[in-house]
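Below are the chains, spelled out letter by letter.
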Amino acid sequence: MPTNVTAEYLAAEEEYRNARTIAEKIRALEKMYATVPKHKGTEKLRLQIKRRLAELRKELEKQQAQRKGGGYSFSVKKEGAAQIVLAGLPNVGKSSLLRQLTGVDTDVADYPFTTVEPIPGMMKHKDVQIQVVEVPGLVEGAALGKGMGTQLLAVIRNADAIAIVIDLSQDPIKQMGIILKEFERAGIKLNKRRPRIEIKKMPYGGIIINGQENIKGDIEEVMKMLREEKIHSAEITVKEPVTLEEFADALDDSLVWRRAIIIANKGDAPGSKENYEKLVKAYGDRFKIVPVSAEKGINIDAVKDALYELADIIRVFTKSPGEEPAYPPIALKKGSTVLDVAKRIHKDFAKNFKYARVWGKSVKFPGQRVGADHVLEDGDIVEIHAR
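The rules behind these values
- All residue numbers here refer to positions counted from 1 along the written sequence of the relevant chain.
- Local features are withheld for residues below a pLDDT of 70 in this predicted model, meaning they are given only at 70 or higher, and side-chain atom pairs are given and counted only at 80 or more; totals for whole chains, interfaces and linings count all residues.
- Excluded from the side-chain calculations are hydrogens and water; all other atoms, namely the structure's heavy atoms, are used.
- Domain start and stop points were drawn from an automatic or database domain assignment.
- DSSP-based pairing: two strands are paired if at least 2 bridges between them are found.
- Working definition: helices are DSSP H or I runs of at least four residues, strands are E runs of at least two. Numbering for both runs from the N terminus.
- Axes here refer to lines fitted to C-alpha atoms; in helices the fit is confined to the stretch in contact. Angles between the N-to-C directions go from 0 to 180 degrees.
- Residues are treated as being in contact if the distance between any of their heavy atoms lies within 4.5 Å.
- When a residue's accessible area, from a 1.4 Å probe over protein chains only, is under 20% of the maximum for its type it is buried; when over 50% it is exposed; and in between it is partly exposed.
- Throughout, nonpolar core names a set of buried Ala, Val, Leu, Ile, Met, Phe, Trp, Tyr and Cys residues whose side chains join them through atoms within 4.5 Å.

### Details of the domain arrangement of the protein chain
Domains assigned within the protein chain are domain 1 (7-67), domain 2 (82-191 + 259-311), domain 3 (197-247) and domain 4 (314-386). Centre-to-centre, using C-alpha coordinates, domain 2 lies 37 Å away from domain 3.

### Some points on the sheet that holds strand β13 (residues 313-318)
Strand order in this open sheet of five strands is β14-β13-β17-β15-β16, and the pairing throughout is mixed. In this open sheet, the two strands that pair with only one neighbour each are β14 (330-333) and β16 (368-370). Across the sheet, the axes of successive neighbouring strands diverge by a mean angle of 40°, strand direction being ignored. Strand direction decides the pairing type here: β13 and β14, joined by four bridges, are antiparallel. Looking across to β14, one finds that Arg315 is bridged to Ala331. Lying on the sheet, helix α11 (residues 338-345) is in contact with β13, β14, β15 (353-359), β16 and β17 (381-386); it crosses β14 at an angle near 135°.

### Notes on the side chain of Glu182
In this structure, Glu182 sits in helix α6 (residues 172-185). Setting aside residues no more than four positions away along its own chain, Glu182 makes contact with Val139, Glu140, Gly141, Ala142, Ala143, Leu144 and Leu153.

### Some words on the environment of Gly145
As for its position among the elements, Gly145 is in the loop between β3 (128-134) and α5 (149-158). Sequence separation of Gly145 and Leu60 is 85 residues, and the distance between their C-alpha atoms is 8.9 Å. Not counting residues up to four positions away in its chain, the partners in contact with Gly145 are Gln64 and Thr150.

### Quick notes on α5
Judged by how many residues are buried, α5 sits mostly within the fold: seven of 10 residues are covered. All buried positions along α5 are accounted for by Gly149, Gln151, Leu152, Leu153, Val155, Ile156 and Arg157.

### Re the sheet that holds strand β9 (residues 234-238)
Taking strand neighbours across the sheet as the criterion, the three strands line up as β6-β9-β7 in an open arrangement whose pairing is mixed. Strands at the two margins of the open sheet, each flanked by one partner only, are β6 (197-201) and β7 (207-210). Within the sheet, the average angular offset between the axes of one strand and its neighbour, ignoring direction, is 15°. Pairing geometry for β7 and β9, over four bridges, is parallel. Across the sheet, Asn210 pairs through a bridge with Thr237, a residue of β9.

### Comments concerning the nonpolar core
In this structure, Ile156, Ile162, Phe183, Phe287 and Leu307 are the most contacted members of the largest nonpolar core, which totals 63 residues. Not counting residues up to four positions away in its chain, the partners in contact with Ile162 are Ile84, Val85, Ala87, Ile156, Phe183, Ile188, Leu190, Arg258, Arg259, Ala260, Ile261 and Leu310. Grouped together as the second largest cluster of nonpolar side chains are 17 residues, Leu47, Ile209, Ile231 and Ala250 included.

Laid out in structure tokens, this is it:
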């Protein structure tokens, strides 16, 4: 252990040694990680703490699954172009917001835990149906099992994107602190992407690392991590500069990476302007923040636009030769190709694909002939030609 750690770190380390439950160990390790000095000499220590936290998170998930057995759990079937969850603390106005966005008739009351299970609704915007799911209020300690938190966080993890709902009549910084801590504990990474590290396991041949110069740290620590993950033969390609902690994240299959925005609700409440400014100052560089009053229906269209953008989709219209484009459009993830359109129309179109003609922003001139790997943009019109 480095000799220059703080008194706070030593106290947290003692707390960890005395911990009896997984939850207690997680809390202590979080304190250790937060208080350990950040410099070259503590790099391995920070990595060890992070790896131990990942192990404990997996242990806790197994423990809670065993306790739950055949008990109650939540599940929301995905429908529409994307599934976005409304997540926040109790009584922040998620039900009122869901009603404004989707028309779903939900119970709305001025007390916590009005919603007791996830409620889905469909939001139609720009010719596309997006599923919006209200998740019951999260509480501090949710990721450690409090208030059915693990079941609720499982719904959030499974969604395509997350809209964090904050109550501007209350301290927004405190709310965000609680929410982000629970997300971190649950292995949910917001507005980040998985490090570009490709791992191709092989039956033999040992470890081959391409792009080793991109690893900013001791390669022996990398080999140790691989052994701990029981990866003994693999070709690993590191496609961008990464730290040891980022390499560890790429190995951790319990992590999920989600796009997220903040919906700042109750914007008409006393003190809301000051709280909105605090929120923007603290989190405006990391999250898109949309102010709204769900109760009075103020700025709802801006929220719909933000959720559509958050869904990260494009609309593609299809047509047959000599005919007008079909309606409604097909919703696809950004970066989708002509072949993805062909697969959505019918598997035979993909199997017998010859070429396509495209009208729209992705081509240089209307009706340009393109191949299967042509990347489409929002509003494109595609005409598939098969053999």
